[in-house]
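Inside the fold
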Amino acid sequence: MRRRRIGALELYVGAMFIVMFFPLVVLVLFSFVKSGDMRFPITGFTLSWYREVFSDSSVLDGILNSLEVGIFAGLIVTCIVTPAVLLLSRGRLRWAGGVAAVLIAPAALPGIVIGVSLLNLFGDLRMTLSLVTVTVGHVIYCIPFFYLILNARLKNFDRHLEEAAMDLGAGPWQRFRRLVLPLTAPAILGATMVVLALSWDEFQITFFTIGDRSTLPLVIWSRARRVIDPSVNAIGTLMIAGSLLIVLLTRRLIVESYS
Amino acid sequence: MSQVGTGAPPSLPVAQPSTRTGATTPVAAVELRGLEKRFATQVAVYPLDLTVAAGEFLTLLGPSGCGKTTLLRMIAGLEVPSGGRVHVFGQDITDRPPNKRPLNLVFQRATLFPHLNVADNIAFGPKLRRASREEVSQKQEAMLELVDLAGYGSRRVSELSGGQAQRVALARALVNKPRVLLLDEPLSALDLAVRRQLQRKLKEIHRTLGTTFVYVTHDQEEALSMSDRVAVMRGGRIQQLGTPKEIYQGPCSGFVARFLGLGNVLDSTVIAVHPDELELGAGALRVVVERIPSPTSPGDRFSIVVRPDMIELRPSSGAAVSGANTLSGTVSDVRFGGSVVHYSIAGLERDWQVSLPAGEDRNYQVGSVVDLSWPRSAGVVMAPE
């Protein structure tokens, strides 16, 4: 057996991963460490920070609020954008390029700009800031990502399949119901999960549009502002776990669907 | 109704009868009137008329880009014609969407639905029409049986070979009992052995079901061996329409002759017109053919095709050959084709194609000098190119 040699590329990739993930590893590690000052050497392990977090109603409240906003934003984006993608991916509309550009535009705007302008808009409309206004902000923020992910999948949709269904007697609704929907459902669900993940850790827009409520990122921010306390690490670990779960599910859905 | 084998006399007129005899004329399965398709910069199909009889197997034959697929897709409704009408069994269906036409199309690639298994692919049409569960399962069985795939119902379509997939596509179309089945080069992506096998299968299904078939192919052998009639297309027009035998024996143009693999097409000029024969010159060669009905006079130009299967070969006597319908040449290539042997022979500055039945072959080697000769019935006179 020949031993595989470790070359420059492998070293580079290894270094890159260390730089990328070392802070996260430290964060997860210290969420289990006993001493409160976050310094080496480590004196012992504990779950007390988690206990503290779970006994803190503001954290639980933040998690629930984040889930609420994420789920609603995900559903709304899915319902608005899916029909648009189905229409645009056929490339039969003359102004399809223009519509696509408008859908993608929010991705080019800094979150802080979206946040501030929404704040002004809601003020002009005399709307009370709440989780509803946050959800509106997240919908705007997530539309481009949902569009790009689903469009990439539907571009590969075989037009001949639709012609075959048409030839076999399927009208427009039946083609959608029996062919397009079953074949694209995994991709749609995957894109929805990405929206959920984006909303889960969105901060800038949330900050400007939430009023007196708090999502999980805002809870962390307000705690970290007061004092760096290992319970923030515990919350961070929970957030990472949540994001990771969503990403893993999404990957399965997007990659393992019909191609 | 018209089962024209290669040997049987044609039961269908080549040209459409100019007078319709009313009640005795059966309704045509497909009737195209002035059907055409123009794109922004080019014409895919020039206005054309075509009638396909009920139960007929008609093939549209031509090279890629000749408009045959566009024509088929217009019949299916997947392409909107720029003009003209499509009638199926007397009904004008020109303005109906594809899903409301009494016909089905088998595509070049099998286009099976990947989220459904074999049986559910076949059930797609019947389920749309809300057939009962028993009816659907009974139809699935019957169709799988018909295409020799009994027991394959629960397979995923990704597990099928190309030939199997195409048979499922055929079953999926036929289960709807189309009055006309359209086939768009259904076998062209398959390898030769499977193609031969499915050609026989298609022919058999056509015989058993009596469904009208309109078939598109660029493979002349396939067209000639399977069809009742063949329409040879070129540049958006039908160049010739007739039974395989009629077309093979009397191609109307050099293009048709070459496309059918009748390689020996000569440009010639009339030298003399005799009571029962026509004498033409093609370079140094003199060709005598049977007299054609249309009036001709010396100096008129024609294309001639000399059928490869009617040329005789003899070892060269060494003496210079003279006389009409004969020349000397050197064998440049031999291709064994099972029951026939194909020779390419260089003579009089061109390449001659000769096909000998294997039984009559005398194993001429590449480089040997042979004399070619043919009876005057071997030459077919066509319009000049």
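What counts and how
- In this convention, every chain numbers its residues from 1, walking through the sequence in written order.
- All chains are assigned letters beginning at A, and all ligands numbers beginning at 1, according to the order in which they are written.
- At least 70 in pLDDT is required for a residue's local features to be given in this predicted model, at least 80 for side-chain atom pairs to be given and counted, and no such filter applies to totals for whole chains, interfaces and linings, which use all residues.
- Helix and strand labels come from DSSP, where a helix needs a run of H or I of at least four residues and a strand needs a run of E of at least two; each type is numbered from the N terminus.
- For the exposure call, what matters is how many other C-beta atoms sit within 10 Å of a residue's own: 20 or more marks it buried, 12 or fewer exposed, and in between partly exposed, using C-beta atoms placed from the backbone.
- With C-beta atoms placed from the backbone, a contact is any residue pair whose C-beta atoms sit within 7 Å.
- We treat two strands as partners when DSSP finds at least two bridges between them.
- Lines fitted to the C-alpha atoms define the axes, with helices restricted to the stretch that makes contact. Angles between their N-to-C directions range from 0 to 180 degrees.
- Under the convention adopted here, Pro, Cys and the residues Ala, Val, Leu, Ile, Met, Phe, Trp and Tyr are nonpolar, Asp, Glu, Lys and Arg are charged, and Gly plus all remaining residues are polar.
- Start and end positions for the domains come from either an automated domain assignment or a database one.
- To form a nonpolar core, buried Ala, Val, Leu, Ile, Met, Phe, Trp, Tyr and Cys residues must be joined through C-beta atoms within 7 Å.
- Each residue gets a pLDDT score, which is the predictor's confidence in that residue and runs from 0 to 100.
- Roughly parallel covers angles under 35 degrees, roughly antiparallel covers those over 145, roughly perpendicular covers 65 to 115, and oblique covers all other angles.
- Here a crossing is taken to be left-handed if its near helix is turned anticlockwise relative to the far helix by less than a right angle, and right-handed if that turn runs clockwise.

Moving on to the overall build of chain B. Along chain B, the regular secondary structure elements total 8 helices and 20 strands. Principal-axis analysis of the C-alpha atoms gives chain B an extent of 80 × 45 × 45 Å.

This part covers the overall build of chain A. A tally of regular secondary structure across chain A gives 11 helices and 0 strands. Scanning chain A from its N terminus toward the C terminus, one meets helices and strands in the order α-α-α-α-α-α-α-α-α-α-α. Considering only C-alpha atoms, chain A reaches an extent of 75 × 70 × 30 Å along its principal axes. With 259 residues in all, chain A has 32% of them scored as buried.

Attention shifts here to the environment of Glu36(B). Looking at the element boundaries, Glu36(B) is found in strand β1 (residues 30–38). Not counting chain neighbours up to four residues away, the residues in contact with Glu36(B) comprise Val45(B), Tyr46(B), Pro47(B), Pro81(B), Ser82(B), Gly83(B) and Gly84(B).

Moving on, we come to the sheet that holds strand β17 (residues 340–347) of chain B. All names here are of chain B. Spatially, the 5 strands line up as an open sheet ordered β15-β19-β16-β17-β18, and their pairing is antiparallel. Whereas interior strands pair on both sides, the edge strands pair on one side only; in this sheet they are β15 (312–315) and β18 (350–357). Strand-to-strand twist of the sheet, defined as the mean angle between neighbouring strand axes without regard to direction, takes the value 45°.

With that settled, consider the interface of chain B and chain A. Between chain B and chain A, the residue contacts involve 18 residues of the former and 15 residues of the latter. Elements that contribute at least two residues to the side of chain B that touches chain A include exactly β6 (103–106) and α2 (118–128) of chain B. Take the side of chain B that touches chain A: its biggest share by element is 3 residues, from α2(B). When grouped by side-chain class, the residues that make up the side of chain B that touches chain A number 9 nonpolar, 6 polar and 3 charged.

What follows covers the pairing of strand β2 (residues 43–52) of chain B. Successive residues of a regular strand alternate their side chains across the two faces of the sheet. Residues and elements named next belong to chain B. With 6 bridges joining them, β1 and β2 adopt antiparallel strand pairing. Each bridged residue has a counterpart across the sheet, and for Leu35 the counterpart in β2 is Leu48. Hairpin remark: β1 followed by β2, antiparallel, with 4 residues in the connecting loop.

With that settled, consider the sheet that holds strand β11 (residues 264–273) of chain B. Residues and elements named next belong to chain B. Within the open sheet, the 5 strands sit side by side as β13-β12-β11-β14-β20. Their pairing is antiparallel. The strands lining the two open edges of the sheet, one partner per strand, are β13 (285–290) and β20 (379–382). On average, each strand axis in the sheet is inclined to that of its neighbour by 45°, with strand direction left out of account. Note: strand β12 (residues 277–282) against β13, 6 bridges, orientation antiparallel. Bridging from a neighbouring strand, Leu278 pairs with Val289 of β13.

What follows concerns the domain arrangement of chain B. Split into domains, chain B comes out as domain 1 (22–249) and domain 2 (264–382). Computed over C-alpha atoms, the centres of domain 1 of chain B and domain 2 of chain B are 39 Å apart.

Residue and element names in this part refer to chain B. With burial as the criterion, each face of β20 is covered, one bearing Gly379 and Val381 and the other bearing Val380 and Met382. Bridging between strand β14 (residues 301–306) and β20 involves 4 bridges; their strand directions are antiparallel. Opposite Val305, over in β20, you have Val380 as the bridge partner.

Residues and elements named next belong to chain B. In this structure, Leu182, Val214, Ala231 and Ile304 are the most contacted members of the largest nonpolar core, which totals 111 residues. In terms of residues, this core owes the most to one element, helix α4 (residues 162–174), which gives 7 residues. Contacts of Val214, omitting those with residues within four sequence positions, involve Val30, Val52, Leu58, Leu72, Ile75, Val180 and Leu182.

On average, chain A scores 83 in pLDDT, and the residues at 70 or more come to 93%. When mean pLDDT is compared element by element in chain A, helix α7 (residues 159–167) of chain A scores highest at 91, while helix α11 (residues 230–255) of chain A scores lowest at 79.

On to the packing of helix α6 (residues 131–154) of chain A against helix α8 (residues 172–200) of chain A. Residues and elements named next belong to chain A. In the contact formed by α6 and α8, the axes pass within 9 Å of each other and the chain directions differ by 150°. By the criterion of interaxial angle, the relationship of α6 to α8 is roughly antiparallel. Judged by the twist between their axes, the crossing of α6 over α8 is right-handed. Contacts between α6 and α8 involve His138, Cys142, Phe145, Phe146, Ile149, Leu150, Arg153 and Leu154 from the first element and Thr184, Ala187, Ile188, Ala191, Val194, Val195, Leu198 and Ser199 from the second. Looking at the contact of α6 with α8 residue by residue, the class counts come to 12 nonpolar, 3 polar and 1 charged.

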